[in-house]
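# Examining the three-dimensional arrangement
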Amino acid sequence: MKDLLRLRTSLTEEIEQILNEQIKMEAEASAMYLAMSSWCDRNGFDFSAGYFKKQSDEEREHMLRLFKYVSDMGGRAVSPSVTNIPLEFDSFKGVFEQALQQEIAVTQSFNRIADRCQKQKDYVTFSFIQWFLNEQIEEEYVARRALELFELIGEDGTGRYEIDKRVPKITYENTYEG
Ligand SMILES: [Fe+2]
Ligand SMILES: [Fe+2]
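Residues numbered from 1 in each chain as written. Chains lettered and ligands numbered in written order. Predicted model: local features only at pLDDT ≥ 70, side-chain atom pairs only at ≥ 80, totals over all residues. Heavy atoms only, no water.

### Some words on the pattern of salt bridges
Inspection of the entire model under this criterion finds 11 salt bridges. With a closest N to O distance of 2.7 Å, Glu-14 and Arg-116 form a salt bridge. Within this pair, whereas Glu-14 is found in helix H2 (residues 13-42), its partner Arg-116 is found in helix H4 (residues 92-119), the two being separated by 102 residues in sequence. Looking at Arg-116, the relative accessible area reads 28%, which means it is partly exposed. With a shortest N-O distance of 3.9 Å, Glu-162 and Lys-165 are connected by a salt bridge. Linking Glu-162 with Lys-165, this pair stays in helix H7 (residues 159-166), spanning 3 residues, or about one helical turn. Given the relative accessible area of 24%, Glu-162 is considered partly exposed. (Salt bridge = Lys/Arg side-chain N within 4 Å of Asp/Glu carboxyl O. Helix = DSSP H or I, 4+ residues; strand = E, 2+ residues; numbered from the N terminus. Buried < 20%, exposed > 50% of the residue type's maximum accessible area, 1.4 Å probe, protein only.)

### Let's talk about the coordination of the iron ion (ligand 2)
For the iron ion (ligand 2), the full set of protein donor atoms is Glu-59 (OE), Glu-103 (OE), Glu-103 (OE) and Glu-139 (OE), at a range of 1.9 to 2.5 Å. Its 4 donor atoms give the iron ion (ligand 2) angles of 55 to 144 degrees at the centre, a pattern that matches the irregular case. In primary sequence terms, the donor set of the iron ion (ligand 2) follows E-x43-E-x35-E. Taken as a pair, the iron ion (ligand 2) and the iron ion (ligand 1) lie 3.5 Å from each other and share Glu-59 as a ligand. A residue pair is termed long-range when its members are at least 10 positions apart, and Glu-59 in helix H3 (residues 46-72) and Glu-139 in helix H6 (residues 130-153) qualify at 80 residues. Of the two residues, Glu-59 and Glu-139, both sit in the buried class. (Donors = N, O, S within 2.8 Å, 3.2 Å for Na, K, Ca; no water. Tetrahedral: all angles 85-135°; square planar, octahedral: opposite > 155°, others 65-115°.)

Below, the structure written as structure tokens:
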């Protein structure tokens, strides 16, 4: 049965598996951002709560984009189970530190996928994931910029209040694009 299924797709088992692992990683990122949104909301950081909710939606879109690709290619897209999502975080700044680490991990994961695609000469999937590789420039930039606000503004006095207000306004501009 397994071999029969393989005849219907150009995806190798390995590529199908790492794409399903990425689907799970995006689902986990989405759930983590939602947990961060909840924490921010409960601790008075309303703007950041909205920002993380939006990030959560975006990660789900990423998950669905990958899911559709695996399905469209005749593979088996796996609906992921997501567990162990925390409810509490150490601090306001800690939330953003974790968000940046999460984005860096996603970038590294896509780099590994690109590497496997090249090794397996799967240039269809290689081409498909270019969108994600480019997207990670913005994802890392925004997460890094949010963290920089903590250094620039400082957390004392009304600092955290100011940081919270500025977080949703962070935009990435690809200035050198013609
Ligand atoms: Fe993502
Ligand atoms: Fe992301």
